[in-house]
Amino acid sequence: MGIDFKIMFVSSEVAPFAKTGGLADVSGSLPKHLKNLGCDVRIVLPFYRMVQDQRLQHETIIEDLDVPSKGGILKAKIKQLSLEGCVPVYFISYNDFYDRGNLYGDLNGDYPDNAERFIFFCRSILELCKQLDFQPDIIHCNEWQTGLIPAYIKTLYRKDQFFTNTKTVFTIHNIAYQGIFEKEIFEKTGLPEEVFCYTGIEYYGKVNFMKAGIAYSEIINTVSQKYSKEIQTEEYGCGLQHILKDRSDSLFSVLNGVNYHEWNPETDVFIATNYNKDNVSGKIECKKDLLRNFALPLSLTERPLLGIISRLVEQKGIDLIVETIDRLMAFNIGFVLLGLGEERYHRLFQNFARRYPERVGIRIAYDNVLAHKIEAGVDIFLMPSRYEPCGLNQIYSLRYGTIPIVRATGGLDDTIRDYDQENEIGNGFKFKEYKTGAFLDKTRRALNVFENEEEWRQIMRNAMAEDFSWEISARKYIELYHKATSCP
Ligand code: ADP
């Protein structure tokens, strides 16, 4: 089976250039692995101010790319550099849209012209392919920001010989963010009237970019198997469960891989002492280093240390933590949290730190170095999410011998196996119901096992032996590309 696909990989965030979450990690890693498998893959993202500020060694390869828009032709510049010397990265530069403080919004909420910003993005990518004479077999679209591309290919560009053999794959990383806009926006997309319908972009009288991606792409996938099933239900589908069910024959899943060059205690440059699965003695030094970092007493080294790194939003199950913190602290544990998100959570956690100054450390920030220190320094990682498309932190935790307690949802359910004491198998602790009782029971159980040093060491061994590297997942994407290209 040939795997020399030509792929345009489109994402609104790509690490290390622009990141707000896991999407960027995937977009920065997967293309390199596709390249290693023989694909000609190129990445494209907007030229945000955040990218400009990095003063990268890019070159301007197109001064004036004509991008059709409602008001006439707009002119984009195209910048290019290569990711780790192997994958070309194109940046769509258009300052009116992308030269802003953030990617999607500020303290006042989403930018009011997000629809226009990403209509322009989608349209510019199709024009860029033509200008570069890069005829992709696959345009791999990610999230709502890219959802119009499949619709354009199937309508406005259908008769364009250039795209005759181009198919689209649409990856859903989080169905809660759909890009829903007022009906007036439809006209600005330039799409033909027929697209504004129940089986197309229309959503309760509005325009839904993610729905367009789902409706018009050849293949759809999510980032874990469990999540692909969950989003076909009312509880998790966020209103799109019906169209997903209708398209279930074309809906697949590929678990995200992780970048073990970055997240590996054996080579991690940010942690106090390196260690590996054969010799975990360095972990205790990492714990002490972390406690110092949070100005917590070193006497806590003897106690179980629980940690969280997370966007502080409802999705992540933060309410469960807030509601149980006092009962958790009654277990005589230490607790550290690194996170950024909703203001109300910031205040609550800062209060906890004041109430338990000797045992709770809180950092309201985005801090990659501290994230590494927490993965290495805590004993137990908490991820009690309401829903979790894939989740990366629990997978990082495994490699660091940091045992996750998770709720059985989405990728958490697919990656974590509840510890079975009798057979000594399992890599973490998992509870089902989104209820404080279920969470506390599981935590109590984990802490009981923690007290038995030998048993805990066994779970750590099980966890550290897991392998979620990209090689396996990249091959699965190749299978999806085969499926897409064999669609009529
Ligand atoms: P999501 O994409 O829903 O936020 P994931 O678990 O898929 O969740 O990915 C989160 C990524 O962002 C991980 O790489 C994690 O380490 C990182 N991250 C989240 N919050 C912070 C933070 N406050 N500081 C540093 N890194 C963070």
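Residues numbered from 1 in each chain as written. Predicted model: local features only at pLDDT ≥ 70, side-chain atom pairs only at ≥ 80, totals over all residues. Heavy atoms only, no water.

## Section: the sheet that holds strand 20 (residues 429–431)
Pairing is parallel across the open sheet formed by six strands, whose spatial order is 17-16-15-18-19-20. The two strands at the open ends of the sheet, each matched to only one other strand, are strand 17 (360–364) and strand 20. When strand polarity is set aside, the average angle formed by the axes of neighbouring strands in this sheet is 15 degrees. Inspection of the sheet shows strand 18 (residues 380–383) paired to strand 19 (residues 403–407) by four bridges, in the parallel sense. Considered in strand 19, the bridge of M383 is made with V406. Running over the sheet, helix 11 (residues 318–329) touches strand 15 (305–312), strand 16 (334–341), strand 17, strand 18 and strand 20 and is turned about 160 degrees from strand 15. (Pairing = 2+ DSSP bridges. Helix = DSSP H or I, 4+ residues; strand = E, 2+ residues; numbered from the N terminus. Axes fitted to C-alpha atoms, helices over the stretch in contact; angles between N-to-C directions. Contact = heavy atoms within 4.5 Å.)

## Considerations on the site of the ligand
Around the ligand lies a shell of 18 residues, among which G22, R311, K316, A365 and L392 are the nearest. R311 has a polar side-chain atom sitting 2.7 Å from an oxygen atom of the ligand. One of the backbone nitrogen or oxygen atoms of L392 is found 2.9 Å away from an oxygen atom of the ligand. Protein burial of the ligand: of its 560 Å² of free accessible surface, 92% is covered by the chains. Among the secondary structure elements, those contributing two or more residues to the shell around the ligand are helix 1 (22–36), strand 15, strand 16 and helix 14 (393–399). Residue composition of the shell around the ligand, grouped by class: seven nonpolar, six polar and five charged. When residues of the shell around the ligand are assigned to domains, at least three fall in each of domain 1 (6–257 + 471–485) and domain 2 (282–467). (Near = heavy atom within 4 Å. Polar contact = N/O pair within 3.5 Å; in protein donor to acceptor, adjacent residues only side chain to side chain. Areas by Shrake-Rupley, 256 points an atom, 1.4 Å probe, with all protein chains shown as cover. Nonpolar A, V, L, I, M, F, W, Y, C, P; charged D, E, K, R; others polar. Domains from an automatic or database assignment.)

## Comments concerning the side chain of N462
Checked against the element boundaries, N462 lands in helix 17 (residues 453–464). Residue N462 is classed as buried on the basis of its relative accessible area, which comes to 17%. Of the polar contacts made by the side chain of N462, one reaches the backbone oxygen of E424; its length is 3.1 Å. (Buried < 20%, exposed > 50% of the residue type's maximum accessible area, 1.4 Å probe, protein only.)

## Describing the side chain of K211
Assignment of secondary structure puts K211 in helix 7 (residues 209–216). The side chain of K211 sits in the buried core without any salt bridge; E202 is the nearest counter-charge, 5.0 Å away. Reaching out from K211, the side chain makes a polar contact with the backbone oxygen of Y198 at a distance of 2.6 Å. Residues contacting K211, with those up to four places away along its chain left out, are C197, Y198, T199, G200, I201, E202, Y203, L240 and I243. (Lys, Arg positive; Asp, Glu negative; His and termini not counted. Salt bridge = Lys/Arg side-chain N within 4 Å of Asp/Glu carboxyl O.)

## Remarks on the packing of aromatic side chains
Tallying each qualifying case throughout the model produces 28 aromatic pairs. Between Y94 and F120, the ring centres sit 4.6 Å apart and the planes meet at 40 degrees, which makes this aromatic pair tilted. Here Y94 is found in the loop between strand 5 (87–93) and helix 3 (95–98), whereas its partner F120 is found in helix 4 (residues 114–132), with 26 residues between them in sequence. Owing to a relative accessible area of 15%, Y94 belongs among the buried residues under this scheme. With centroids separated by 5.7 Å and ring planes inclined at 80 degrees, the aromatic side chains of Y157 and F163 adopt a geometry described as edge-to-face. Each of the two residues, Y157 as well as F163, counts as buried. (Phe/Tyr/Trp six-rings, centres within 6.5 Å; stacked < 30°, edge-to-face > 60°.)

## Considerations on the pattern of salt bridges
Oppositely charged side chains can form a pair if their charged atoms are brought close together. Overall, the coordinates contain 27 salt bridges when judged by the stated rule. Where D441 meets R444, a salt bridge forms, and the shortest distance between an N and an O atom there is 3.1 Å. Of this pair, D441 and R444 both sit in helix 16 (residues 436–450), three residues apart, which is roughly one turn of that helix. For D441, a relative accessible area of 46% corresponds to the partly exposed category. Residues participating in the shared-partner salt-bridge network are K226, D413 and K430.

## Side note on the domain arrangement of the protein
When cut into domains, the protein gives domain 1 (6–257 + 471–485) and domain 2 (282–467). Every contact between the two is made by 19 residues of domain 1 and, on the other side, 20 residues of domain 2. With both sides pooled, the region where domain 1 packs onto domain 2 buries about 1300 Å², and carbon together with sulfur makes up 53% of that total. At the boundary of domain 1 with domain 2, the tally comes to one salt bridge. Between K226 and D413 there is a salt bridge, with the nearest N and O atoms lying 2.7 Å from each other. Between domain 1 and domain 2 we count 12 residue pairs in polar contact (both at pLDDT 80 or more) in total. Elements with a contribution of two residues or more to the side of domain 1 that touches domain 2: helix 1 and helix 8 (225–230). In terms of residue class, the side of domain 1 that touches domain 2 is built from seven nonpolar, eight polar and four charged. (Buried area = accessible area lost by both parts, 1.4 Å probe.)

## As for helix 13 (residues 368–377)
Across the 10 residues of helix 13, eight count as buried, placing the element largely inside the fold. Listing the buried residues of helix 13 in full gives L370, A371, H372, K373, I374, E375, A376 and G377. For helix 13, the elements touching its buried residues are helix 10 (282–293), strand 15, strand 16, strand 17, strand 18 and helix 14. With a side-chain oxygen positioned 3.1 Å from the backbone nitrogen of V369, the residue opening helix 13 is D367.

## Remarks on the packing of helix 10 against helix 13
Remark: helix 10 packs on helix 13, axes separated minimally by 8 Å, with the N-to-C direction vectors making an angle of 130 degrees. The pairing of helix 10 with helix 13 is recorded here as oblique in orientation. Crossing handedness for the pair helix 10 and helix 13: left-handed. Contacts from K283, C286, K287, D289, L290 and N293 of helix 10 reach helix 13 at L370, K373, I374, E375, A376 and G377. Here the residues of the contact of helix 10 with helix 13 sort into five nonpolar, two polar and five charged. (Parallel < 35°, antiparallel > 145°, perpendicular 65-115°, else oblique. Left-handed = near helix turned anticlockwise from the far one by under 90°.)

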